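Understanding the architecture of this molecule
Listed below are the residues making up each chain.
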Amino acid sequence: MGGFRVRDAQVLLLLVTACAGAPEPSAQPVTPAAPVHDARATRVEALLAAGHAAAAAQRWPDAEASLRQAVKNAYGFGAPWSSYRADALNELGRSVLAQGRAAEARAAVDEALLLVAPGQRDADQRISELQTTRAEAFLAEQQPGSAVAPFEAAAQATARHPELAAAQLAVSLRLAETLEALGRRQDAKTALERALRVVRRPEVGPSLARRLARALAALYDASGDPARARALLAELAPGDLPAPEAASVAAPPAAESASNATEVVAMQADFRACYRAAVEDHA
């Protein structure tokens, strides 16, 4: 899986936002429907805005300072304070993980999850983001086995809402990559096949659909099912099909199998860049 690199942390953490081809969301953090417009609420909103802006610019210490102040000032129960704290803790977890402090990131996630009830779309998107941060923290600590459950929880949260299809595919790809690194190829294939059910939704876009097709086709190919791999690529990524004369009914050579088996990892850089670009538009 490779060692954790702090300079890549920001793109590792932001895996549940819409990818290429999805509608462009607001760059501002979600605030409650009926915010309390008093001096303290205004102060918290300003701190949140500063924290999100610093994180977007990868000024992680500045982001952390503003977000910790936002958490401190957003004391109290009910709207809007619990939403403010969940928002701040969500970004805080990503910011401290980007600085290499995985245990603190998981602590922020645990606190935020207590403030978010599943069911509504915004809440489930927040849950998915938090669980993804938890998973990435485990990966940063070289504990891929512990990262599987939070990745699965993140995928389940997005799967409840068709409009979060792009996020579901994004998390599923990261989950499959982790399972593949653990040698759990069949589980990786199952995770991607679940995501395949929503790959044709307009929110997904051709780029993310192509990445999913490439990853799943690589697993089909490596498991000795090249015909299924070719059919999937023909539908979703025709440009990745091998030349007809190179096709064969025989099992692929050992070198080719090894290449196919590592396809999910090989595409990781592009995958992360896709999320980073989307996250800049969707805090």
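Preceding this paragraph is the structure being described.
Let's shift gears to the overall build of the protein. Along its length, the protein carries 14 helices and zero strands. Walking the protein from its N terminus toward its C terminus, one meets helices and strands in the order α-α-α-α-α-α-α-α-α-α-α-α-α-α. Buried residues in the protein amount to 52% of all 283 residues. For the protein, the share of sequence-separated contacts (at least 6 apart) that also reach a separation of at least 24 residues comes to 71%.

Bringing the packing of aromatic side chains into the picture now. This model, assessed by the stated rule, comprises one aromatic pair. Ring plane angle 70 degrees and centroid distance 5.7 Å describe the contact between W81 and Y84, whose orientation is recorded as edge-to-face. Linking W81 with Y84, this pair stays in helix α4 (residues 81-98), spanning three residues, or about one helical turn. You'll find W81 and Y84 in the same group, each marked buried. When the ring centre of Y75 is taken as origin, the NZ or CZ atom of R40, which lies over that ring, is 3.8 Å away.

One finds L169, L192, V199, L212 and L232 to be the most contacted residues of the largest nonpolar core, which totals 38 residues. Secondary structure elements with two or more residues in this core: α6 (121-140), α7 (144-159), α8 (165-181), α9 (185-196), α10 (205-222) and α11 (226-236). Examining the composition of this core, we find that nine residues originate from one element, α10, more than from any other. Other than its neighbours up to four places away in sequence, L192 contacts S172, L173, A176, L212, A215, L216 and L219. By size, the runner-up hydrophobic cluster in this structure holds 34 residues, among which are L47, Y84, V109 and A140.

Attention now moves to the pattern of salt bridges. Taken as a whole and assessed by the stated rule, the structure comprises 18 salt bridges. Put simply, E91 and R94 hold a salt bridge, and the shortest N to O gap is 3.2 Å. In this pair, E91 and R94 are both assigned in helix α4, three residues apart and thus about one turn of the helix distant. This pair shows no difference in class: E91 is buried, exactly as R94 is. The partner of R134 in a salt bridge is D110, and the shortest N-O contact between them spans 2.9 Å. In this pair, R134 is assigned in helix α6 and D110 in helix α5 (residues 102-113), connecting sequence segments 24 residues apart.

On to the environment of A209, then. With respect to the helices and strands, A209 occurs in helix α10. Judged by relative accessible area, which is 7%, A209 ranks as buried. Note: C-alpha distance between A209 and L196 (13 residues apart in sequence) is 8.5 Å. If sequence neighbours within four positions are ignored, A209 has contacts with V199, V204 and L236.

Analysis parameters
Residues numbered from 1 in each chain as written. Predicted model: local features only at pLDDT ≥ 70, side-chain atom pairs only at ≥ 80, totals over all residues. Heavy atoms only, no water. Helix = DSSP H or I, 4+ residues; strand = E, 2+ residues; numbered from the N terminus. Buried < 20%, exposed > 50% of the residue type's maximum accessible area, 1.4 Å probe, protein only. Contact = heavy atoms within 4.5 Å. Phe/Tyr/Trp six-rings, centres within 6.5 Å; stacked < 30°, edge-to-face > 60°. Lys NZ or Arg CZ within 6 Å of the ring centre and 35° of its normal. Core = buried A, V, L, I, M, F, W, Y, C linked by side-chain atoms within 4.5 Å. Salt bridge = Lys/Arg side-chain N within 4 Å of Asp/Glu carboxyl O.

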